[in-house]
Amino acid sequence: MRLIFVGPPGAGKGTQASRLSAERGITQVSTGDALRQAVKAGTKMGIKAKAFMDAGQLVPDEVVIGIVREKLGSDACRDGFILDGFPRNTGQAEALGAILQDFSAPVDRVVAFTVDDEALVARLSGRRTCPSCHAMFHIAYAAPKQGGVCDRCGGALVQRDDDHEDVIRKRLAVYAAETRPLLEYYEDRGLLTQVPAEGSVDDVYSALLKAVAG
Ligand code: AP5
């Protein structure tokens, strides 16, 4: 199955992608995770990307398109993928179309998760992640058993630099201006299914399974 997950920051793309990936064995390709790894490793690309990410802006297209081209060409993606957070503008969508044409691997479905802006701010400002094993928590909705400690590996949980309210609101504005037009782009191509994502993680996952089954 070849899927694209679109949605505003905090809509649950990463949460749902990692669950579907674990249950169905489909490779998750997250441009956000790839960029954070590059930042952590201090690569030239990571240093360039960090300033954009911290400001809540999109990283330049040529950087993320290069990441996606490499990942989609790997063995792990030969039998399918979930693109989590890419594309984010029509230029990236056009580039993706060309990449997938080269690989003769058309997209099966584009899932757009929809959530009200204030709920997104609450989700993101409470998110905590584990830098060691990448497990994700929320201080209210998915709290770790012991405050600040990862249930999975015992690592110290951190708040992402871009999960402070001023940056969250900037990211929401960037989504509205640059990414939301993709809904119409993929609707016009008969690929879009919208999934309301304000319910529990389990409810959203059930709706997602229905969306990708048809
Ligand atoms: P990225 O990491 O992709 O961030 P994002 O798209 O802003 O998405 P998030 O990871 O913040 O949210 P999500 O929808 O995955 O929600 P999650 O499941 O984590 O990108 C970061 C930055 O990298 C960008 O700002 C940009 O600079 C750059 N970048 C990345 N891709 C790029 C691209 N293609 N082009 C250019 N630049 C790019 O959930 C959020 C929280 O809510 C968690 O705490 C979770 O536990 C909780 N939660 C999830 N579901 C529910 C639920 N149903 N109910 C209650 N809580 C929930």
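Residues numbered from 1 in each chain as written. Predicted model: local features only at pLDDT ≥ 70, side-chain atom pairs only at ≥ 80, totals over all residues. Heavy atoms only, no water.

Here we look at the pairing of strand β3 (residues 81–84)
Judged by which residues are buried, β3 turns out to be covered on both faces: Phe 81 and Leu 83 on one side and Ile 82 and Asp 84 on the other are all buried. Here 4 bridges tie strand β2 (residues 27–30) to β3, and the two strands are oriented parallel to one another. Looking across to β3, one finds that Val 29 is bridged to Leu 83. (Buried < 20%, exposed > 50% of the residue type's maximum accessible area, 1.4 Å probe, protein only. Helix = DSSP H or I, 4+ residues; strand = E, 2+ residues; numbered from the N terminus. Pairing = 2+ DSSP bridges.)

Quick look at the side chain of Arg 160
Tracing the sequence through the fold places Arg 160 in the loop between β6 (136–138) and α7 (165–179). Within the local environment of Arg 160, its side chain forms a polar contact with the side chain of Asp 162, the two groups lying 3.0 Å apart. Here Arg 160 is in contact with Arg 36, Arg 127, Thr 129 and Arg 171, once residues within four sequence places are set aside. (Polar contact = N/O pair within 3.5 Å; in protein donor to acceptor, adjacent residues only side chain to side chain. Contact = heavy atoms within 4.5 Å.)

Details of the site of the ligand
Among the 35 residues in the neighbourhood of the ligand, the closest are listed as Thr 15, Gln 57, Arg 88, Arg 127 and Arg 171. Between the ligand and the protein, one listed contact pairs an oxygen atom with a backbone N or O atom of Gly 14 at 2.8 Å. For the shell around the ligand, the secondary structure elements donating two or more residues are α1 (13–24), α2 (31–41), α6 (117–125), β6 and α9 (201–213). The element contributing the most residues to the shell around the ligand is α2, with 4 residues. Of the residues assigned to the shell around the ligand, the class counts are 15 nonpolar, 12 polar and 8 charged. (Near = heavy atom within 4 Å. Nonpolar A, V, L, I, M, F, W, Y, C, P; charged D, E, K, R; others polar.)

A word on the layout of surface pockets
Counted as a void, the second largest pocket has a volume near 210 Å³. Lining the second largest pocket are Ala 93, Glu 94, Leu 96, Gly 97, Leu 100, Gln 101, Pro 106, Val 107, Tyr 185, Tyr 186, Arg 189 and Leu 191. Contributing elements (two or more residues each) for the lining of the second largest pocket: α5 (90–102) and α8 (181–188). By residue class, the composition of the lining of the second largest pocket is 8 nonpolar, 2 polar and 2 charged. (1 Å grid on protein atoms, 1.4 Å probe; cavity = no way out; pocket = protein on both sides within 12 Å on 5 of 7 lines; lining within 4 Å. Points joined across faces, edges and corners; volume = space filled by probe spheres on them.)

A word on the nonpolar core
Ranked by internal contacts, the top residues of the largest apolar core, which has 34 residues, are Ile 4, Leu 35, Leu 72, Leu 83, Leu 96, Val 110 and Tyr 186. The element best represented in this core is helix α4 (residues 61–72), accounting for 6 residues. The contact partners of Ile 4, leaving out residues within four places of it in the chain, are Leu 83, Phe 86, Pro 87, Leu 96, Val 107, Arg 109, Val 110, Val 111 and Tyr 186. Leu 3, Ile 82, Phe 113 and Leu 124 belong to the second largest nonpolar core, which has 22 residues in total. (Core = buried A, V, L, I, M, F, W, Y, C linked by side-chain atoms within 4.5 Å.)

Things to note about α2
In an α-helix, one turn spans 3.6 residues, which is why side chains three or four residues apart end up on the same side. Within α2, burial applies to Thr 31, Gly 32, Ala 34, Leu 35 and Ala 38. Buried residues of α2 fall within an arc of 165° about the axis and therefore sit on the same side. Away from its buried face by more than 90 degrees, α2 exposes Lys 40 and Ala 41. Taken together, the buried residues of α2 touch β2, α3 (44–54), α4 and β3. (Arc of directions from axis to C-beta.)

As for the pattern of salt bridges
Enumeration according to the criterion identifies 14 salt bridges in this entry. Among the salt bridges present, the one from Glu 62 reaches Lys 48, with a minimum N-O distance of 3.8 Å. Linking Glu 62 in helix α4 with Lys 48 in helix α3, this pair joins segments that are 14 residues apart in sequence. A network of salt bridges, in which partner residues are shared, links Arg 127, Arg 160, Asp 162, Asp 163 and Arg 171. (Salt bridge = Lys/Arg side-chain N within 4 Å of Asp/Glu carboxyl O.)

A look at the packing of α4 against α5
For the pair α4 and α5, interaxial distance at closest approach is 11 Å and the crossing angle is 25°. As the angle between them shows, α4 and α5 are arranged roughly parallel. Note on packing geometry: the crossing formed by α4 with α5 is right-handed. Side by side, α4 and α5 meet where Asp 61, Val 64, Ile 65, Val 68, Arg 69 and Leu 72 of the first sit next to Gly 91, Gln 92, Ala 95, Leu 96, Ile 99, Leu 100 and Asp 102 of the second. Of the residues that constitute the contact of α4 with α5, the class distribution is 8 nonpolar, 2 polar and 3 charged. (Axes fitted to C-alpha atoms, helices over the stretch in contact; angles between N-to-C directions. Parallel < 35°, antiparallel > 145°, perpendicular 65-115°, else oblique. Left-handed = near helix turned anticlockwise from the far one by under 90°.)

Interpretation in functional terms is not warranted from these geometric data alone.
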